[in-house]
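So the chains spell out like this:
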Amino acid sequence: MRRSSTLALASVIALGAVFAPPLQEAPARAAAKAPAKAAPCEQELVYGSPAKELPKQLWPQERLNFTDVWEHTRGKGVRVAVVDSGVDTSHPQLRGHVRAYDVTKSGLTDCVGHGTAVAGVIGAADMRDRGIPFVGVAPEAEIISVKMAVKASGNQSGWAAQAIRKAVDLGAKVINISSQSPDLPDLRQAVHYAQQRDVVIVSVAGNLTDQTRQTPQKAYPASYPGVISVGALSKDGTLANFSNTVTPVTVTAPGQSVVSTWPRDSYKLDDGTSLAAPYVAGTAALIRAFNPTLNYQQVKQRIETTADGAQAQGTGSGVVNPLRAVTTVGTGGGGASAAPAAGVQRVSIDQPVPEDRFGRTMALAIAALALALAAIVGVTAVVVPAARRRP
């Protein structure tokens, strides 16, 4: 039952109204009527679990091992926008580094919990010294919450595009959009607006479930050029069975059994590409903090090039690798090949060793000669002693 409700959250509410068609009105009345104010929290929010019930080991953190990047950067100075259902800014792991805005005119409350979970994966503070094992990928990044959904479905379709533009105007350098939508003109224009201003956009490949009998189709904004599209990785290292393979995928990240922050100072376990995307958004924040001269296209290229090998359709370039993405030299133009900062040891992308035909030929010749000499010596050792035994 948990999985079923979670998938509905990821695929429908993940971006709420973007999936729903615009509300239709008679032309005369539509021109004169002001947009209705959204009612706050029309649906009751489910409860999460207290911190004391968190498991000691969290597989997404172990798989991505992003804490190894923190000796180089924790994302300080980079603003990451969470275009979603809002964020509970009072959560202990989010308190103090989330700025909240709302385009729905319903208030800042996260009525669904989804945005709070996404924000936690991106930038939850490190509180392991207090016995809380969960941490965000870029805990020193500044999170900007732009609320664009007030319920699980049926939100106004234009809110997502408005939220993207608002995030850009607020100075976001990375935008996480854990949503899927048809190709809507205002959404496409908002993404273009962001990219023109050098903003990295990370979005979900989308979820498909048997329960909803969905027809596979491309999800947007993930399918737009230049957007980093994220599929979901399961605990066994394969592509999650709900991850949409029709949408072009850039990379994958953990999207099954993911623990994150939840409203009312709690935590919740969920599934979905909606929770995979923020792992990549957090990685993009780390890259932009450590390599500020890279443009959004170079950040995307770096994430693709340093991923851990693709496995099948829908996995893109493979699993995002935060350490390699941040520290690898030569995966993009601009400052990608600049000299490393003092004390930083960068790794290089694994490249096949160029074939040395001359060296190979010489090695084979020397080996053949050595075998011939060994054979001669062996024969001599047998024949000569035997000859000495003759009378």
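Rules and cut-offs
Residues numbered from 1 in each chain as written. Predicted model: local features only at pLDDT ≥ 70, side-chain atom pairs only at ≥ 80, totals over all residues. Heavy atoms only, no water. Helix = DSSP H or I, 4+ residues; strand = E, 2+ residues; numbered from the N terminus. Buried < 20%, exposed > 50% of the residue type's maximum accessible area, 1.4 Å probe, protein only. Contact = heavy atoms within 4.5 Å. Areas by Shrake-Rupley, 256 points an atom, 1.4 Å probe, with all protein chains shown as cover. Phe/Tyr/Trp six-rings, centres within 6.5 Å; stacked < 30°, edge-to-face > 60°. Axes fitted to C-alpha atoms, helices over the stretch in contact; angles between N-to-C directions. Left-handed = near helix turned anticlockwise from the far one by under 90°. Nonpolar A, V, L, I, M, F, W, Y, C, P; charged D, E, K, R; others polar. UniProt positions renumbered as here; feature names shortened; annotations may be inferred. Polar contact = N/O pair within 3.5 Å; in protein donor to acceptor, adjacent residues only side chain to side chain. Pairing = 2+ DSSP bridges. Disulfide = S-S within 2.5 Å. Salt bridge = Lys/Arg side-chain N within 4 Å of Asp/Glu carboxyl O. Right-handed = clockwise from strand over helix to strand, strands pointing away.

Draft legend 1. Structural detail: the overall build of the chain. The helix and strand inventory of the chain stands at 10 helices and 9 strands. Per-residue burial over the chain gives 51% buried out of 391 residues. A sequence separation of at least 24 residues applies to 76% of the contacts in the chain between residues at least 6 apart. By element, 54% of the accessible surface of the chain is carried by carbon and sulfur atoms, the whole surface being about 18100 Å².

Draft legend 2. Structural detail: the packing of aromatic side chains. The tally for this structure, following the rule as stated, stands at 4 aromatic pairs. Ring centres 6.2 Å apart and planes at 45 degrees place the aromatic pair Phe66 and Trp70 in the tilted group. Assigned by exposure class, Phe66 and Trp70 land together as buried. Geometrically, the ring pair formed by Phe66 and Tyr279 is tilted, given 6.5 Å between the ring centres and 40 degrees between the ring planes. You can see Phe66 sitting in the loop between α3 (59-64) and β1 (79-84) and its partner Tyr279 sitting in helix α7 (residues 273-290), a full 213 residues away along the chain. When sorted by exposure, Phe66 lands in the same class as Tyr279, which is buried.

Draft legend 3. Geometry of the packing of α7 against helix α8 (residues 296-305). For the pair α7 and α8, the least separation of the axes is 10 Å and the interaxial angle reads 115 degrees. Crossing of α7 over α8 shows right-handed handedness. Here α7 contributes Val280, Ala284, Ile287 and Arg288 to the contact with α8, which in turn contributes Tyr296, Val299, Arg302 and Ile303. A class-by-class count of the residues in the contact of α7 with α8 yields 6 nonpolar, no polar and 2 charged.

Draft legend 4. Just unusual backbone geometry, in detail. Cis geometry marks the peptide bond from Tyr220 to Pro221, where omega comes out at 15 degrees. When you line up the elements, Pro221 lands in the loop between β5 (200-204) and β6 (228-233). Not every positive phi belongs to a glycine, and Lys105 is a case in point at roughly 60 degrees. Along the chain, Lys105 turns up in the loop between β2 (98-102) and α4 (114-123). A positive phi angle is found at Asp265, which is not glycine, with a value near 60 degrees. As for its placement among the helices and strands, Asp265 is situated in the loop between β8 (258-262) and β9 (266-270). A relative accessible area of 40% places Asp265 in the partly exposed class.

Draft legend 5. Inspection of the UniProt feature "active site" (unreviewed entry) in the chain at higher detail. Per the UniProt record, the feature "active site" (unreviewed entry) sits at Asp84, His114 and Ser274. Maximum C-alpha separation among the annotated residues is 10.2 Å over a sequence range of 191 residues, consistent with a single clustered spot. Position of Asp84 among the secondary structure elements: in strand β1. For His114, a relative accessible area of 2% puts it in the buried group. There is a polar contact of 2.8 Å between the side chain of His114 and the side chain of Asp84.

Draft legend 6. Here's a closer look at the pairing of β9. With 4 of 5 residues buried, β9 lies mostly within the body of the structure. Linking two consecutive strands that pair antiparallel, namely β8 and β9, is a turn of 3 residues; a positive phi of about 65 degrees is found at Arg264 within it.

Draft legend 7. Molecular detail of the state of the cysteines. Within this structure, the stated rule accounts for 1 disulfide. The side chain of Cys41 participates in a disulfide bridge whose partner is Cys111; the two sulfur atoms lie 2.3 Å from each other. Between Cys41 and Cys111, the S-S dihedral sits near -85 degrees, and the bridge is therefore left-handed. Within this pair, whereas Cys41 is found in the loop between α2 (27-32) and α3, its partner Cys111 is found in the loop between β2 and α4, the two being separated by 70 residues in sequence. Since its relative accessible area comes to 34%, Cys41 is described here as partly exposed. What makes Cys111 buried here is its relative accessible area of 5%.

Draft legend 8. Highlighting the pattern of salt bridges. Counted according to the given criterion, the structure contains 9 salt bridges. Lys151 is the partner of Glu42 in a salt bridge, and the nearest nitrogen-oxygen pair spans 3.4 Å. Taken as a pair, Glu42 in the loop between α2 and α3 and Lys151 in the loop between β3 (142-147) and α5 (159-169) lie far apart in primary sequence, 109 residues in all. Across the salt bridge formed by Arg128 and Asp126, the nearest N and O atoms sit 2.9 Å from each other. Salt bridges here are not isolated pairs; linked through shared partners, they connect Arg79, Arg99 and Glu142.

Draft legend 9. View of the pairing of β3. Of all 6 residues in β3, 5 are buried, a share of seventy percent or more. With 6 bridges joining them, β1 and β3 adopt parallel strand pairing. Residue pairing in the sheet places Val83 in a bridge with Val146 of β3. Handedness of the crossover joining β2 and β3 through α4: left-handed.

Draft legend 10. Region of interest: the environment of Arg264. Mapped onto the fold, Arg264 is located in the loop between β8 and β9. Put simply, Arg264 and Thr89 are 175 residues apart on the chain and 10.0 Å apart in space, counted from C-alpha to C-alpha.

Draft legend 11. Representation of the environment of Gly75. Among the structural elements, Gly75 can be located in the loop between α3 and β1. Considered as a pair, Gly75 and Ala141 are 66 residues apart in the sequence and their alpha carbons are 4.6 Å apart.

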